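# Working through the structure, step by step
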Amino acid sequence: MSTLRVDNITDLGDAPVVTAGALQIASSELPAGSVLQVVQSTYATETSTTSTSYVSTGLTGTITPTSATSKILVMVDGTVQPATTTAINFTVFRGTTSGTDLGGGVALQRIYNGPTVIATGFNVLDSPATTSSQLYTMAFKVTSGSYAVAQQANVQARMIMMEVAG
């Protein structure tokens, strides 16, 4: 078996392809759909609401797109423990809860009167059209104004933001 080791490789236009053993490819050279970066954020503080308008669960994440044509896939998951509410709705906002509602619109319905923990997760695809830092906020509300818990203290809720080449 043979091994070829080089420090640098350049293309025919003298642009570096490999420098100090690292591949040098600009994100603009990658095809649409390529994953450019992945950022994860977690939150493990118990949060509750009686609001019938969206409020933050406390789970937020920030990503800075490398291209204005990129899309950001936001994936969230966690657990919910309804108390007396009939339904809990979740969504993701670009920015704070006064920002752009990106949807998700996941609704969890309480099924019976005993204590229960429900796993929830959903994804939204955003096109922020900028290279400025983007904040994403997971939010929730109840339909009847009663009490709900958005994360259990011993379980982390998670938000994964994935930049995808446009």
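Residues numbered from 1 in each chain as written. Predicted model: local features only at pLDDT ≥ 70, side-chain atom pairs only at ≥ 80, totals over all residues. Heavy atoms only, no water.

### Focus on the nonpolar core
Nonpolar side chains tend toward joint burial in soluble globular proteins. Val74, Val76, Phe90, Phe122, Tyr136 and Met159 are the most contacted members of the largest nonpolar core, which totals 19 residues. Secondary-structure elements contributing two or more residues to this core are strand S6 (55-63), strand S7 (71-82), strand S8 (87-94), strand S11 (118-126), strand S12 (134-142) and strand S14 (157-164). Setting aside residues up to four positions removed in sequence, Val76 forms contacts with Leu59, Val92, Thr120, Gly121, Phe122, Asn123, Met138, Arg158 and Met159. (Core = buried A, V, L, I, M, F, W, Y, C linked by side-chain atoms within 4.5 Å. Buried < 20%, exposed > 50% of the residue type's maximum accessible area, 1.4 Å probe, protein only. Helix = DSSP H or I, 4+ residues; strand = E, 2+ residues; numbered from the N terminus. Contact = heavy atoms within 4.5 Å.)

### As for the packing of aromatic side chains
Throughout the structure, instances matching the rule amount to two aromatic pairs. When the ring of Tyr54 is compared with that of Phe93, the centres are 5.8 Å apart and the planes differ by 75°; the resulting orientation is edge-to-face. With Tyr54 in the loop between strand S5 (48-49) and S6 and Phe93 in strand S8, this pair connects stretches of sequence that are 39 residues apart. Judged by centre distance (6.0 Å) and plane angle (10°), the rings of Phe90 and Phe140 are stacked. On the criterion of sequence distance, the pair formed by Phe90 in strand S8 and Phe140 in strand S12 is long-range, its members being 50 residues apart. Its relative accessible area of 0% is what places Phe90 among the buried residues. (Phe/Tyr/Trp six-rings, centres within 6.5 Å; stacked < 30°, edge-to-face > 60°.)

### Examining a nonpolar patch on the surface
Together, Leu4, Val6 and Ile9 make up an exposed nonpolar region whose accessible area comes to about 290 Å². Along the chain, Leu4 falls in the segment before strand S1 (8-10). (Patch = residues over 30% accessible without salt bridge, like charges linked within 9 Å, V, L, I, M, F, W, Y side chains within 5 Å. Areas by Shrake-Rupley, 256 points an atom, 1.4 Å probe, with all protein chains shown as cover. Salt bridge = Lys/Arg side-chain N within 4 Å of Asp/Glu carboxyl O.)

So far we have only geometry, and geometry alone does not tell us how the molecule works.
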